[in-house]
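Chain residues, written in single-letter form:
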Amino acid sequence: MATLKELAAKDELFSGGHRLCSGCGIPPIVRLLLRSAGSPVVATSATGCLEVGTSIYPYTAWRIPWIHSAFENAAATISGIESAYRAFKKKGRIPADKEIKFLALGGDGGTYDIGFQALSGALERGHNFLYVCYDNGAYMNTGIQRSSATPLGSATTTSPAGAKRPGKQEWRKDLTRVVVAHNIPYAAQASPHNWRDLEGKARKAFNVAGPAFMNIISPCPLGWYSKPEDSINAARLAVDTCYWPLYEVENGILRVTYRPKEKKPIADWFKIQGRFKHLFKPENSHLLDETQKRIDAEWQRLLDMDGKAVF
Amino acid sequence: MAIVTGKQVGLTGNSAIAYAMRQIDPDVCAAYPITPSTGIIEEFSSYYADGQVSTELITVESEHSAMSACVGASAAGARVMTATSSQGLALMWEMLYIASGMRLPVVMTVVNRALSAPINIHCDHSDSMGARDSGWIQLYSETVQEAYDNLLQAVRIAEDPRVLTPAMVCMDGFITSHAVENITLLADGEVKGFIGDYKPGRSLLDTDNPITMGAMTLQDVYMDFKHEQSMAIAGAKEVVVEVGSDFGRRFGRHYGLMECYRLEDAEAAIVVLNSAAGTTKVAVDELRKKGKKVGLLKPRLFRPFPYAEIAAALKNVKAVCVLDRADSMNGFGGPLFSEVRSALYGLASVPKVMGRIFGLGGRDYTVEHSTAVFEGLYRIIETGRMEELTGYLKS
Ligand SMILES: Cc1ncc(C[n+]2csc(CCOP(=O)(O)OP(=O)(O)O)c2C)c(N)n1
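All figures in this text were calculated on a predicted structure; none of them were measured in a lab.

Quick notes on the sheet that holds strand S16 (residues 352-357) of chain B
Residue and element names in this part refer to chain B.
Step number 1: Spatial ordering of the open sheet is given by S11-S13-S12-S15-S16-S17, a layout of six strands whose pairing is mixed. Looking at strand neighbours, the two that pair on one side only are strand S11 (258-261) and strand S17 (390-392), the edges of this open sheet. Ignoring which end each strand starts from, the neighbouring axes of this sheet average 20° apart.
Step number 2: Two strands pair when backbone bridges link them, and strand S12 (residues 268-271) and strand S13 (residues 294-299) are joined in this way by four bridges, in the parallel orientation.

In structure tokens:
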């Protein structure tokens, strides 16, 4: 486990001057990831905030080889890059002792929704890569439209808090669980507030043989209607309310990597975000109750699974 | 399965393409099955399974991912190939533009097939014509031999540093892909010598010299990128000619921008792509025997469109019928018609040009159809009147 000092001493591979918002969760996530790899990294990003915010020609925030291709194909793009790498190694065009890590990054839209098929295919094919979803809970780049990762009740521009339908009416997809069902060597959930946990998971994820997946919650002041200075705290609350449990599944064994000393009520996380404001009206309290119930049940399920084989 | 007679080998179009791919031995191939191109990938998979290629084969979960993986691999500096048809090409549509916009020399065989709905697995050119503005070079092939030769040349054309543009080689579904034809294959060494090594100017795998690819551009530069791309594709015409001549010098089969068949003194001509040109040649020969001055122009290169050369080749013809195996659905005739007619517009004396849609979804095109078209052209020449400018071929 690296210390913060050690991590900070490493080369900055993701430069400042990018155009992501202040308080955005993505830059600290990417910085931690790149510092955990231990070898040169080649990365691709799906269309979305990360891509747009880091690559406006003629500038780039990337000090590693990086490509953006389209919205739904980060996993397929990295499949091609990683296959070229294997072909070149076989032919001696890359020295046998040179190791490169492959990283695909996508938002929840590019991962849970439109890029889901490409992700599933790449996981099944067993490419040696790490896929990281930064989950900010909506299509933020295009103006906060709902995704299948958007929490129940959350107001987005395509699930506004209306008189009849108060925000998103559906429970979110549990993508991490779906990914685990692909039987890949490593999958985990992480959060940027817990850098130590995130860094350790990223290191494992980069170093397993075969596909690895990390789902990382990423606060978005613009889409969450929260204060930029509250972002890290918002990430912490997501974890301490158990909305976003930190766990990993390594070679089929599930391990909860963090248990809050005091599990907080979901309302604590909701109330610092404007997207949930309407849920505090009496007529919408059932949504709050339902959310709490489902979170409790899911947390219990994870605790019951802790240390056990998932299948 | 090959049938060998003397120096010739009987192969289907698909087998010949798979054979060429084995000889090219690309670094990466990412593909997804679809009739009628499936055989290519099946046979290539056998070469892969038997260790006859050094390729990394990615059996992706869709054509969108096939082209996406091709883009990734090509950006990494690999020589990359794939094949598809119809719905598969349609699903790739978004990625075609990304491959060409990033100037990645991916080479793809398109086995032409109709587009749904209604679903139909047979030949027409709706698929590749739908991709005609995607910034890919398009080579069309009348025969199995041409498809084989075109694929080898496409590698060199696409990878030429002056071009750096993806290329598709088109052949007719079933008619060419599944018909056995006696062809002459090159030796593996000849293929290697002809295509050479691919030396990419940049690679994502060069981690010491990191590059950013696929950056976002705004109003200030996007158009300049597109202009440069457009100029590069236009310049590909010269390279196609160069590569075709070199191929001819080495192997005796010469290729240019188009084939003109008995066109020098022709009064009436048909312009048509791919296998229908073969049928038309038979009609031309029969009518020539009867003293009719008829001929054929078969474009080989459709993108970039060799408009000046086509105009020059048709300038003395009195009446032309352009046959399109794809409908632009209420455009001004089919795509080949509107481009050929437009190419002729600047001539001092413009031939009469009509357009006919034919052969959709595998509808037969016979020598009789071809003969009837020539007869129609003669009526125009004799009467000076064209009754129907564009429409569907009566069949
Ligand atoms: C095929 C396609 N459909 C739609 C879009 C428009 N689009 C670009 S980014 C985006 C949303 C991205 O959302 P997400 O993946 O959650 O990432 P974020 O914006 O939150 O970073 C959408 C809808 C597109 N670029 N391509």
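With respect to the side chain of Glu82(A)
Residue and element names in this part refer to chain A.
Step number 1: Its location among the elements puts Glu 82 in helix H4 (residues 74-90).
Step number 2: Residue classification places Glu 82 among the buried positions, given a relative accessible area of 3%.
Step number 3: With residues near it in sequence (within four places) discarded, Glu 82 still touches Phe 102, His 127 and Asn 128.

Focus: the sheet that holds strand S3 (residues 101-107) of chain A
The strands making up a sheet associate through hydrogen bonds between their backbones, and the pairing can be parallel or antiparallel.
Step number 1: Ordered by their spatial adjacency, nine strands build an open sheet running S8(A)-S7(A)-S5(A)-S6(A)-S4(A)-S3(A)-S1(A)-S2(A)-S10(B), and the pairing between neighbours is mixed. Every interior strand has two partners, whereas the edge strands, strand S8 (253-256) of chain A together with strand S10 (212-213) of chain B, have only one.
Step number 2: Pairing of strand S2 (residues 66-68) of chain A with S10(B) involves two bridges; the strand directions are parallel. By the bridge assignment for S10(B), Trp66(A) is matched with Thr212(B).
Step number 3: Against the sheet, H4(A) makes contact with strand S1 (41-45), S2, S3 and strand S4 (130-135) of chain A, and its axis sits at roughly 170° relative to S3(A), the strand it touches most.

What to know about the domain arrangement of chain B
Residues and elements named next belong to chain B.
Step number 1: Domain annotation of chain B identifies domain 1 (8-187 + 219-251) and domain 2 (258-392).
Step number 2: Each side of the interface is counted separately: domain 1 has 31 residues, and domain 2 has 26 residues.
Step number 3: For the pair domain 1 and domain 2, the summed buried area comes to about 2200 Å², and 53% of that belongs to carbon and sulfur atoms.
Step number 4: Viewed at the interface, domain 2 and domain 1 are joined by five salt bridges.
Step number 5: Residue Lys 281 pairs with Glu 142 through a salt bridge whose shortest N-O separation is 2.8 Å.
Step number 6: One can count 21 residue pairs in polar contact (both at pLDDT 80 or more) joining domain 1 with domain 2.
Step number 7: Counting residues per element, the ones that place at least two in the side of domain 1 that touches domain 2 are helix H6 (126-130), strand S7 (137-141), helix H7 (144-159), strand S8 (167-172) and helix H9 (222-251).
Step number 8: Within the side of domain 1 that touches domain 2, the residues separate by chemical class into 14 nonpolar, 10 polar and seven charged.

So, the interface of chain A and chain B
Step number 1: In this complex, chain A contributes 42 residues to the contact, which on the side of chain B involves 45 residues.
Step number 2: Here chain A meets chain B over a buried area of about 3100 Å², counting both sides, of which 61% is carbon and sulfur.
Step number 3: Scanning the region where chain A abuts chain B turns up five salt bridges.
Step number 4: For Lys90(A), the salt bridge goes to Glu56(B), with nearest N and O atoms at 2.8 Å.
Step number 5: Viewed at the interface, chain B and chain A are joined by 17 residue pairs in polar contact (both at pLDDT 80 or more).
Step number 6: Of all elements in the fold, only helix H3 (49-54), S2, H4 and helix H6 (116-125) of chain A reach the threshold of two or more residues within the side of chain A that touches chain B.
Step number 7: Of all the elements, H4(A) adds the most residues to the side of chain A that touches chain B, at 12 residues.
Step number 8: Across the side of chain A that touches chain B, the residue classes break down as 21 nonpolar, 12 polar and nine charged.

Thresholds, definitions, all that
Residues numbered from 1 in each chain as written. Chains lettered and ligands numbered in written order. Predicted model: local features only at pLDDT ≥ 70, side-chain atom pairs only at ≥ 80, totals over all residues. Heavy atoms only, no water. Pairing = 2+ DSSP bridges. Helix = DSSP H or I, 4+ residues; strand = E, 2+ residues; numbered from the N terminus. Axes fitted to C-alpha atoms, helices over the stretch in contact; angles between N-to-C directions. Buried < 20%, exposed > 50% of the residue type's maximum accessible area, 1.4 Å probe, protein only. Contact = heavy atoms within 4.5 Å. Domains from an automatic or database assignment. Buried area = accessible area lost by both parts, 1.4 Å probe. Salt bridge = Lys/Arg side-chain N within 4 Å of Asp/Glu carboxyl O. Polar contact = N/O pair within 3.5 Å; in protein donor to acceptor, adjacent residues only side chain to side chain. Nonpolar A, V, L, I, M, F, W, Y, C, P; charged D, E, K, R; others polar.

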